[in-house]
Amino acid sequence: MKVLSYRILLRKEPEGGYTVIVPSLPGCVTYGDTIEEAIEMAKEAIELYIESLKEHGEEIPTEEGTLEYSIAVEAYA
């Protein structure tokens, strides 16, 4: 069995909890009330997403060769 790693983005929601997005897996979004729960939910969502791809004979995206940068810009909001 191969171990795959995916970046997740957690966004704190105004009403509470965290929305989780998996950038490399389009449409793979989940939610948790706490950071810990959000991370667990993300793991489950990724596993189900990959399982669905396998069942449909589709390619499983990886993050190999992906570079990540954070850019700060000034904005007048």
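Residues numbered from 1 in each chain as written. Predicted model: local features only at pLDDT ≥ 70, side-chain atom pairs only at ≥ 80, totals over all residues. Heavy atoms only, no water.

Per an unreviewed UniProt entry, the recorded name for the chain is HicB-like antitoxin of toxin-antitoxin system domain-containing protein, and the organism is Candidatus Methanoperedens nitratireducens.

Trainee: Can you tell me about a nonpolar patch on the surface, naming the residues and giving the values?
Mentor: A cluster of nonpolar side chains, contributed by Leu67, Tyr69, Ile71 and Val73, occupies part of the molecular surface with about 580 Å² of accessible area. Note on placement: isoleucine 71 falls in the segment after helix 1 (35-55). (Patch = residues over 30% accessible without salt bridge, like charges linked within 9 Å, V, L, I, M, F, W, Y side chains within 5 Å. Areas by Shrake-Rupley, 256 points an atom, 1.4 Å probe, with all protein chains shown as cover. Salt bridge = Lys/Arg side-chain N within 4 Å of Asp/Glu carboxyl O. Helix = DSSP H or I, 4+ residues; strand = E, 2+ residues; numbered from the N terminus.)

Trainee: Explain the layout of surface pockets to me, and be specific about the residues and the numbers.
Mentor: Sizing a probe to match a water molecule and rolling it over the atoms shows the empty space that remains. Space inside the largest pocket adds up to approximately 510 Å³. Lining the largest pocket are 16 residues, and of these Lys2, Leu4, Ile46, Glu47 and Ile50 sit closest to its centre. In the lining of the largest pocket, the residues fall into 10 nonpolar, no polar and 6 charged. (1 Å grid on protein atoms, 1.4 Å probe; cavity = no way out; pocket = protein on both sides within 12 Å on 5 of 7 lines; lining within 4 Å. Points joined across faces, edges and corners; volume = space filled by probe spheres on them. Nonpolar A, V, L, I, M, F, W, Y, C, P; charged D, E, K, R; others polar.)

Trainee: Can you lay out helix 1 for me, pointing to particular residues and giving the numbers?
Mentor: Helical geometry note: an α-helix holds 3.6 residues per turn, so side chains three or four residues apart project in the same direction. Here helix 1 contains 21 residues, and its C-alpha end-to-end distance of 30 Å stays within 8% of the 30 Å for a straight helix at 1.5 Å per residue. Lining the buried residues of helix 1 we find strand 1 (9-12), strand 2 (18-21) and strand 3 (29-32). Just downstream of helix 1, glycine 57 is the residue with a positive phi angle, here 65°. (Expected span 1.5 Å × (residues − 1). Contact = heavy atoms within 4.5 Å.)

Trainee: Just give me the short version of the nonpolar core, but keep the residues and values in it.
Mentor: One finds Tyr6, Val22, Leu25, Cys28, Ala45, Ile46 and Ile50 forming the largest nonpolar core, which totals 7 residues. The residues touching isoleucine 50, leaving out its near neighbours within four places in the chain, are Leu4, Tyr6 and Ile60. (Core = buried A, V, L, I, M, F, W, Y, C linked by side-chain atoms within 4.5 Å. Buried < 20%, exposed > 50% of the residue type's maximum accessible area, 1.4 Å probe, protein only.)

Trainee: Tell me what's going on with a negative patch on the surface, and back it up with residues and numbers.
Mentor: There is a patch of like negative charges on the surface, built from Glu40, Glu44, Glu47, Glu51 and Glu55. Topologically, glutamate 51 is positioned in helix 1. Taking relative accessible area as the criterion, glutamate 51 reaches 42% and is therefore assigned partly exposed. (Lys, Arg positive; Asp, Glu negative; His and termini not counted. Charge placed at Lys NZ, Arg CZ, Asp CG, Glu CD.)

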